[in-house]
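The lines below spell out each chain.
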Amino acid sequence: MFKVISSSVCKKSLTRFSIVAQAHTAAATPAAAHGHHAVTFKQADVYPRVGNREIVGFGRNGEPTYFDAPDCPCPAVRWREETPEIKALREKAKGDWSNMTVAEKKALYRADFRSTLSEMTAPDGEWKFTVGALLAAIGASIWGYYFFVKAIYKSPKLESSSAEHQARMLERMIAEGVGRVEGVSSKWDYETGTWKKN
């Protein structure tokens, strides 16, 4: 299932996926030579999941899965399973492409990929869901506010929250001299019995 291709350009080896008839195959990478584990796929485990689709590359994370993403435009497996029509188109594509019609080229592309890059990056209307969720949250907040105002805050107020009680507390604080340096009493003129004019 894996073939290791040595590259003369760089020190690393490239791993290419291909279909082989072996039950167990492993990628022998330079990391494996230094004591790290080699990547191993059992063909019986992989192929029920991908069906009759050819594994053609590394993909996004090395797993043989199909995933459309503009930042990783080459998935690990082909989009559609192999059919006799697609096999015939692949054989025809090995020759001169000018002999193929536009419909055949599109069919061959759609066999490999689910969507084009422009289809992947096209607006999908997700902003509508975001705006709807935001408006729903704002509406729920407003209803919650009205609930608290009408049901919770409408309960009987304490005597200490009345204006008369607060006026009595202010008189008592002035009489006791609370905050003579910077507080309430510092603003009261004890000789005239009025607030200081500053």
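Residues numbered from 1 in each chain as written. Predicted model: local features only at pLDDT ≥ 70, side-chain atom pairs only at ≥ 80, totals over all residues. Heavy atoms only, no water.

The name that an unreviewed UniProt entry assigns to the chain is Cytochrome c oxidase subunit 4, with the source organism given as Brachionus calyciflorus. UniProt, in the comment section headed Subunit (unreviewed entry), describes the chain in these words: "Component of the cytochrome c oxidase (complex IV, CIV), a multisubunit enzyme composed of 14 subunits." Looking at the Pathway (unreviewed entry) heading of the UniProt record, one finds this comment for the chain: "Energy metabolism; oxidative phosphorylation." (UniProt positions renumbered as here; feature names shortened; annotations may be inferred.)

(A) Region of the structure containing the overall build of the chain. Check the secondary structure of the chain and you find seven helices and six strands. Here the chain holds 198 residues, and 19% of them are scored as buried. Accessible surface, the chain: about 15200 Å² in total, of which carbon and sulfur atoms supply 60%. (Helix = DSSP H or I, 4+ residues; strand = E, 2+ residues; numbered from the N terminus. Buried < 20%, exposed > 50% of the residue type's maximum accessible area, 1.4 Å probe, protein only. Areas by Shrake-Rupley, 256 points an atom, 1.4 Å probe, with all protein chains shown as cover.)

(B) The nonpolar core, seen in detail. Counting six residues, the largest nonpolar core is built from Val46, Tyr47, Val50, Ile55, Tyr66 and Val77. With residues near it in sequence (within four places) discarded, valine 50 still touches Pro64 and Val77. (Core = buried A, V, L, I, M, F, W, Y, C linked by side-chain atoms within 4.5 Å. Contact = heavy atoms within 4.5 Å.)

(C) Expanded view of a nonpolar patch on the surface. Together, Trp127, Val131, Leu134, Leu135, Ile138, Ile142, Trp143, Tyr145 and Tyr146 give the surface a local cluster of nonpolar side chains, amounting to about 1100 Å² of exposed area. One can find leucine 134 in helix 6 (residues 126–152). (Patch = residues over 30% accessible without salt bridge, like charges linked within 9 Å, V, L, I, M, F, W, Y side chains within 5 Å. Salt bridge = Lys/Arg side-chain N within 4 Å of Asp/Glu carboxyl O.)

(D) Up close: the side chain of aspartate 112. The residue aspartate 112 is located in helix 4 (residues 102–112) in this model. Among the residues examined, aspartate 112 registers a relative accessible area of 16% and is labelled buried. If we skip the residues at most four places from it in the chain, aspartate 112 touches Tyr66, Val77, Arg78, Trp79 and Arg90.

(E) A look at helix 7 (residues 163–176). When the terminal C-alpha atoms of helix 7 are compared, their 20 Å separation across 14 residues agrees well with the 20 Å that a helix rising 1.5 Å per residue should span. Of the residues one or two after helix 7, glycine 177 is the one with positive phi, at around 75°. (Expected span 1.5 Å × (residues − 1).)

(F) The UniProt feature "transmembrane region" (unreviewed entry) in the chain, seen in detail. The positions UniProt marks with the feature "transmembrane region" (unreviewed entry) are residues 127–148. For residues 127–148, the helix share is 100%, the strand share is 0%, and the end-to-end C-alpha distance is 31 Å.

(G) Up close: the pattern of salt bridges. Taken as a whole and assessed by the stated rule, the structure comprises eleven salt bridges. A salt bridge links aspartate 112 to arginine 78; its shortest N-O distance comes to 2.7 Å. With aspartate 112 in helix 4 and arginine 78 in the loop between helix 2 (43–50) and helix 3 (84–93), this pair connects stretches of sequence that are 34 residues apart. As far as burial versus exposure is concerned, aspartate 112 and arginine 78 are alike and both buried. Here arginine 168 and glutamate 159 are joined by a salt bridge, their closest N and O atoms 3.5 Å apart. Judged by its relative accessible area of 44%, arginine 168 falls in the partly exposed class. Classification of glutamate 159 as exposed rests on a relative accessible area of 59%. Salt bridges linked by common partners bring Glu54, Arg78, Glu82, Arg90 and Asp112 together as one network.

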